Amino acid sequence: MSVEPKLTRFNQTVLSKYQIYNSIFMTLPFDAVTKTGVLLPLFHETCEKGFKKGDNPTTIVEAFFSKYQARRNKESQINLLFRFIQYIERQVVLFDAIEDAAFPVVNNMDGIGTLRNLKGSATSEGNIEELKAYLEEFKVRIVLTAHPTQFYPGSVLGIITDLTKAIEENDLSGISNLFGQLGKTPFFKHKKPTPYDEAKSLIWYLENVFYQSFGDIYNYIQTNIYADGKKHNDIINIGFWPGGDRDGNPFVKPKTTLKVAAKLKKSILKKYYGDLKNLRRKLTFRGVEERIIRLETILYDYSIDLKTKKKITVKELIKELLSIRDVVVEQHQSLYVNDINNLINRVHLFGFRFATLDIRQDSRIHHSVFTTVIDHLIERGNSSFPANYHDLSESEQVEILSKANDDIDDLDVFDDEMTRNTLKTIAIIKDIQKSNGERGANRYIISNNQTALNVMQLFAMLKIVAFKDNLTVDVTPLFETIPDLEDAPAVMEQLYQNPAYMAHLKARGNKQNIMLGFSDGTKDGGYLMANWGIYKAKELLTEISRKYDITAIFFDGRGGPPARGGGKTHNFYSSLGPTIEDKEVQITIQGQTVSSNFGTLNSSQYNLEQLISSGIKNRIDGEKNKLSDDDRFVMNDLAVTSYETYKDFKNHPMFIPYLERMSTLKYYAKTNIGSRPSKRGNSDKLVFSDLRAIPFVGSWSQLKQNVPGFYGVGTALKQYEDRGEFEKVEQLYNNSKFFKTLLENSMMSLTKSFFDLTKYMAQDEEFGDFWKIIFTEYETTKRLLLKLTGYKELMENEPAGKASIQVRENIVLPLLTIQQFALKKIQELEKAGVAKDDPEKIIYEKIVTRSLFGNINASRNSA
């Protein structure tokens, strides 16, 4: 059967449907504002024509009112702008739902990178045993984080799900009702969510998407690739940060962590109960029905009350299901045996934990806490810590920490709340392991890890507070900044040379989890150097780990956009080469990336299968992906030049003021999308190191400048052009899939940029020159990427992806115009010296804040 090109499929199933449904949508009477649905297209046309003429957003908005709505007073004009924002938010939802509905058509669910394709290729080439062996040792872990880039409340997510289904079924009546519901449902939150609220939001995906899609993938592997009835490697699993990630979030308390763990357990028990309820209707046979009813009753009671006396363990549940399956096979002609197998496989996959709850805290907090603990132990006497501990060298302290065997009986003895909460969090890890199984919470991540001492402080605290000589937790350093990435191999070698720590690793299967953070890496070192710095760090960490017979398990802290390690993620994992350990792929998924890449059964299954196949592709390509010495030199040289260029830019005296006064940075905190504060420090003054990666990257995205995804790339490439050595870069591009993926992702950032929006800033007395620096780098990067790739336009190799971006950017063009109009008004009012609580200024600030929602949601991977 012939398949239409992907762009044709996109145009037929997404673009055409959007145009039809949008015309229906625009006629809905959402509110009392007259003709809003008629006026928005006119405003959209005014924006398009205005930017082509070189007009600024203020001129465009004023021209629209002058031409079409001259009789409106100022208050009425403002109201109309708010209504436009509401309409556009809902247009984005409509496009999301249509694109989700069309996903299995636009993306070939049996094509390259899917399990069916893998199996077919392996069978035809006689490599099925090699495929089985690979799947037996490879793992993919998707880690859901609470980082606030998701602007849809739960009620809206539910509407998107229902709307997607109605569109798939062409249910016009249902679509019309859902449009009406959409018009009446608020999109913003009046108060910040709690960490538990965030956990519940993400558990919705576990229950409604991942339980099904993860289970289906595992069932397919068990049934169609192994087909031997035995239990095999649980190749896919889920990590979970909400409720466990305490880094920078003072609202995550020990009670929160326990509450989230209990919610995860109840949720998976309810899913098993639901499956047993369905099985009960099918397994109505003698000797089987009563056993299924018994299990169903136990699981129901257990899911309601975890303290019930009618409990069952994971082992007991699997044992009973296997026994029931045997009876069905032997006495009832294997009727519905696949349904029983599907449940058994899911219990193998999720246990009673559903997801593994990670704990995370900053090394600086640990240091403060541990200093307090040691002072207490020394003062108490009979401690393994000498009185002069704080005066010892780092290596001497590491040695003492590795042998620490003190006890702390009463954690409430400490006056400091942070100390108590940190120690209680450690204690409850053990409680969660008893309740949800060891994998319920068995990893503790140290962010901002800089030294071996940072690791050993936590290692000692875990043993002293809860685990003694049986430490069932993986201590995981997180290296983020460029200097920390460079120091990481030496840090790990120091740990590997410590007998006590190595004994711990041996007990953990000779594996060391190491997390590497793209977000702060890009914020600190720019796009090329962050990615290259992580690549080099992985190579050296692999080498040093193998030297000590340790398998490094790399966990990548990736955000949605290319600037934070996102974009076409699976392409990175298929391009690593033989010098980087590739037994597991572990990545963070957050905010819009959860809903856009894993939000439906189809997209979740497709993207998970792509990640699984990326590892296989890397194994097959192996040496082909290895960088030659010449290519490595060029890659490093490009990264260093880019790094220096980005550092100069970052240190420009206008850098912080520009973000503070010309972007939406300070408005992120007002959106109430996340429980975590939008910056680290308490200072009123904006300090670069306090900036969190999400509002930092998101602010550039709102400006349509996307600096973190390209800045420095153009200057680095131009250096080779100026020297007449551009062919060296061309050789690297042709030889290295890693470099090619980097540049393709950068092209996505450039495609989502629109400098006409902010061209007016070039005339600004204070910031004009700074804007021109950014625009020049954009122009240089775009020109040289097109020259290098041979493309006539950006993303030429991804026409369907580009078409999707263009539609989304087109939808939000009026929204961006309104946002810039409001920002300019605020700047003018501030220059005029109005008070902070000036009513007019407050109105414009509300417009800016409200406009964030639709723009972020439309971009799908902007923060």
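Nothing here was measured: the structure is a model prediction, and the numbers come from that model.

Novice: Any chance you could explain the overall build of the protein here in plain terms?
Specialist: Scanning the protein from N- to C-terminus turns up 33 helices and eight strands. On C-alpha atoms alone, the protein measures out to a radius of gyration of 28 Å, which is about the 29 Å that the 2.2 N^0.38 rule sets for 863 residues. Taking the principal axes of the C-alpha coordinates as reference, the protein spans close to 75 × 75 × 60 Å. When each of the 863 residues of the protein is scored for burial, the buried share is 60%. Long-range contacts, defined as pairs at least 24 residues apart, comprise 81% of the intrachain contacts of the protein with a sequence gap of at least 6.

Novice: Honestly, the packing of helix α29 (residues 726-735) against helix α30 (residues 737-751) in this entry has me stumped. Any pointers?
Specialist: To characterise two packed helices, one gives the angle between the axes of the helices and the distance between these axes. Two numbers describe how α29 lies on α30: the axes approach to 5 Å, and their chain directions differ by 100 degrees. Classified by the angle their axes make, α29 and α30 are roughly perpendicular. From α29, Val729, Leu732, Tyr733 and Asn735 reach across to α30, where they touch Lys737, Phe739, Lys740, Leu743 and Glu744. Of the residues that constitute the contact of α29 with α30, the class distribution is five nonpolar, one polar and three charged.

Novice: Can you help me understand unusual backbone geometry in this one?
Specialist: Excluding glycine, a negative phi dihedral is what most residues carry, and trans is how most peptide bonds are arranged. Unusually for a residue other than glycine, Ser334 sits at a positive phi of about 60 degrees. Residue placement: Ser334 occurs in the loop between α12 (314-331) and α13 (337-350). The phi angle at Tyr336 is positive, at roughly 60 degrees, despite the residue not being glycine. Topologically, Tyr336 is positioned in the loop between α12 and α13.

Novice: In this structure, what is going on with the packing of aromatic side chains? I would like to understand it.
Specialist: We describe a pair of aromatic rings using the distance from one ring centre to the other and the angle between the two ring planes. Scanning all chains against the criterion turns up 46 aromatic pairs. Where Tyr211 meets Phe350, the ring centres are 5.6 Å apart and the plane angle is 25 degrees; that geometry is what we call stacked. Taken together, the residues Tyr211 in helix α9 (residues 195-226) and Phe350 in helix α13 connect sequence positions 139 residues apart. In this structure Tyr211 comes out as buried when scored by relative accessible area, which is 3%. For Phe350, a relative accessible area of 2% corresponds to the buried category. On the basis of an interplanar angle of 75 degrees and a centroid distance of 6.0 Å, the ring pair of Phe370 and Phe385 is categorised as edge-to-face. Taken together, the residues Phe370 in helix α14 (residues 363-380) and Phe385 in the loop between α14 and α15 (394-403) connect sequence positions 15 residues apart.

Novice: Can you walk me through the nonpolar core in this structure?
Specialist: For soluble globular proteins, nonpolar side chains are generally found buried alongside one another. The biggest cluster of nonpolar side chains holds 263 residues, and the ones touching the most others in it are Ile142 and Phe240. The greatest single-element share of this core, amounting to 17 residues, is contributed by helix α4 (residues 74-106). The residues contacting Phe240, other than those within four sequence positions of it, are Val143, Leu144, Ala199, Leu202, Ile203, Leu206, Val260, Leu264, Ala355, Thr356, Leu357 and Asp358. Formed by six residues, the second largest nonpolar core is a distinct cluster that contains Val143, Trp241, Met515 and Phe555.

Novice: Whenever I open this one, the packing of helix α16 (residues 417-436) against helix α17 (residues 452-467) confuses me. Can you help?
Specialist: Taken N-terminus to C-terminus, the directions of α16 and α17 make an angle of 65 degrees; their axes are 9 Å apart at the nearest point. Like other packed secondary-structure pairs, α16 and α17 cross with a definite hand, here right-handed. Contacts between α16 and α17 involve Leu423, Ile426, Ala427, Ile429, Lys430 and Gln433 on the former and, on the latter, Leu458, Met461, Leu462, Val465, Ala466 and Phe467. Here the contact of α16 with α17 is composed, by residue class, of ten nonpolar, one polar and one charged.

Novice: How do you make sense of a nonpolar patch on the surface when you look at a structure like this?
Specialist: On the surface, Ile20, Ile24 and Leu172 cluster together into a nonpolar patch covering about 270 Å² of accessible area. Topologically, Ile24 is positioned in helix α1 (residues 6-25). Residue classification places Ile24 among the partly exposed residues on the basis of a relative accessible area of 33%.

Novice: Is there a simple way to explain the pattern of salt bridges in this structure?
Specialist: A side chain with one charge can pair with a side chain of the opposite charge if their charged atoms come near. Inspection of every chain in the model, using the stated rule, returns 51 salt bridges. In this structure, Asp110 engages Arg116 in a salt bridge whose closest nitrogen and oxygen atoms are separated by 3.8 Å. For Arg116, a relative accessible area of 34% corresponds to the partly exposed category. Ionic pairing is found between Glu581 and Lys583, a salt bridge with its closest N-O pair at 3.5 Å.

Novice: What is the right way to read the sheet that holds strand β6 (residues 511-517) from this model?
Specialist: In sheet architecture, strand pairing relies on hydrogen bonds along the backbone and comes in two forms, parallel and antiparallel. Overall, parallel pairing links the eight strands, which are arranged β1-β2-β3-β4-β5-β6-β7-β8 in a closed barrel. Adjacent strand axes in the sheet meet at a mean angle of 25 degrees when their direction is disregarded. Alignment of strand β2 (residues 236-240) against strand β3 (residues 356-362), held across two bridges, turns out to be parallel. Residue pairing across strands places Phe240 opposite Leu357, the latter belonging to β3. Set on the sheet, α16 makes contact with β3 and β4 (443-447); between it and β3 the angle comes to about 160 degrees.

Novice: How should the environment of Thr741 be read in this particular structure?
Specialist: Note that Thr741 resides in helix α30. Judged by relative accessible area, which is 3%, Thr741 ranks as buried. Separated by 173 residues in sequence, Thr741 and Lys568 place their C-alpha atoms 7.6 Å apart. Leaving out residues up to four positions away in the same chain, Thr741 has contacts with Lys568, Asn571 and Phe572. Polar side-chain contacts of Thr741 include one of 2.8 Å to the backbone oxygen of Lys737.

Novice: What's the story with helix α11 (residues 289-304) in this structure? I'm lost.
Specialist: Three- or four-residue spacings in an α-helix give side chains the same orientation, since the helix completes a turn every 3.6 residues. With 16 residues, α11 ought to run about 22 Å at 1.5 Å a step, and its terminal C-alpha atoms sit 23 Å apart, in line with that. When we look at burial in α11, the residues that qualify are Ile292, Leu295, Glu296, Ile298, Leu299, Tyr302 and Ser303. Buried residues in α11, looked at end-on, bunch into an arc of 165 degrees, giving them a common side.

Novice: Just to check I follow, could you spell out the environment of Lys650 for this structure?
Specialist: In this structure, Lys650 sits in helix α25 (residues 629-650). Sequence separation between Lys650 and Ile847 is 197 residues; the distance between their C-alpha atoms is 29 Å.

Novice: Help me understand the side chain of Asn625 in this model?
Specialist: Inspection of the secondary structure assignment puts Asn625 in the loop between α24 (601-621) and α25. Each residue touching Asn625, except ones within four places of it in the same chain, is listed here: Tyr535, Ser574, Ser575, Leu576, Gly577, Asn618 and Lys737.

Novice: What exactly am I supposed to notice about helix α2 (residues 36-53) here?
Specialist: The end-to-end C-alpha distance of α2, which contains 18 residues, comes to 25 Å, matching closely the 26 Å that a straight helix rising 1.5 Å per residue would cover. Of the residues making up α2, those classed as buried are Thr36, Gly37, Leu39, Leu40, Phe43, His44, Thr46, Cys47, Gly50 and Phe51. In a view along the axis of α2, the buried residues occupy a sector of 165 degrees, so they form one face of it. α2 presents Val38, Lys49, Lys52 and Lys53 as exposed residues on the side facing more than 90 degrees away from its buried surface. Against α3 (57-68), α4 and α32 (799-831) lie the buried residues of α2.

Novice: Mind showing me how you'd approach the pairing of strand β8 (residues 584-589) here?
Specialist: Remember that side chains alternate between the two faces of the sheet whenever the strand is regular. Burial analysis of β8 places six of its six residues in the buried class, the great majority of the element. Here strand β1 (residues 139-144) pairs with β8 via six bridges, running parallel. What sits directly across from Leu144, in β8, is Ile589. Inspection of the sheet shows strand β7 (residues 551-557) paired to β8 by two bridges, in the parallel sense. Note on β8: the bridge partner recorded for Asp556 is Ile587.

Novice: How do you make sense of the side chain of Lys463 when you look at a structure like this?
Specialist: Along the chain, Lys463 turns up in helix α17. Leave out the neighbours within four places in its chain, and Lys463 touches Lys468, Asp469 and Leu471.

Novice: Honestly, the pairing of β2 in this entry has me stumped. Any pointers?
Specialist: Of all five residues that make up β2, five are buried, and the element is covered over most of its length. Pairing between β1 and β2: five bridges, direction parallel. Following the sheet pairing, Val143 is matched in β2 by Gly239.

Novice: Could you clarify how one ought to interpret the environment of Ala261 in this entry?
Specialist: One can find Ala261 in helix α10 (residues 254-282). Taking the C-alpha atoms as reference points, Ala261 and Gly244, 17 residues apart in sequence, are found 9.1 Å from one another. Setting aside chain neighbours within four positions, we find Ala261 in contact with Leu357, Ile432 and Asn436.

Conventions used here
Residues numbered from 1 in each chain as written. Predicted model: local features only at pLDDT ≥ 70, side-chain atom pairs only at ≥ 80, totals over all residues. Heavy atoms only, no water. Helix = DSSP H or I, 4+ residues; strand = E, 2+ residues; numbered from the N terminus. Rg over C-alpha atoms; globule rule 2.2 N^0.38 Å. Buried < 20%, exposed > 50% of the residue type's maximum accessible area, 1.4 Å probe, protein only. Contact = heavy atoms within 4.5 Å. Axes fitted to C-alpha atoms, helices over the stretch in contact; angles between N-to-C directions. Parallel < 35°, antiparallel > 145°, perpendicular 65-115°, else oblique. Nonpolar A, V, L, I, M, F, W, Y, C, P; charged D, E, K, R; others polar. Phe/Tyr/Trp six-rings, centres within 6.5 Å; stacked < 30°, edge-to-face > 60°. Core = buried A, V, L, I, M, F, W, Y, C linked by side-chain atoms within 4.5 Å. Left-handed = near helix turned anticlockwise from the far one by under 90°. Patch = residues over 30% accessible without salt bridge, like charges linked within 9 Å, V, L, I, M, F, W, Y side chains within 5 Å. Areas by Shrake-Rupley, 256 points an atom, 1.4 Å probe, with all protein chains shown as cover. Salt bridge = Lys/Arg side-chain N within 4 Å of Asp/Glu carboxyl O. Pairing = 2+ DSSP bridges. Polar contact = N/O pair within 3.5 Å; in protein donor to acceptor, adjacent residues only side chain to side chain. Expected span 1.5 Å × (residues − 1). Arc of directions from axis to C-beta.

Interpretation in functional terms is not warranted from these geometric data alone.
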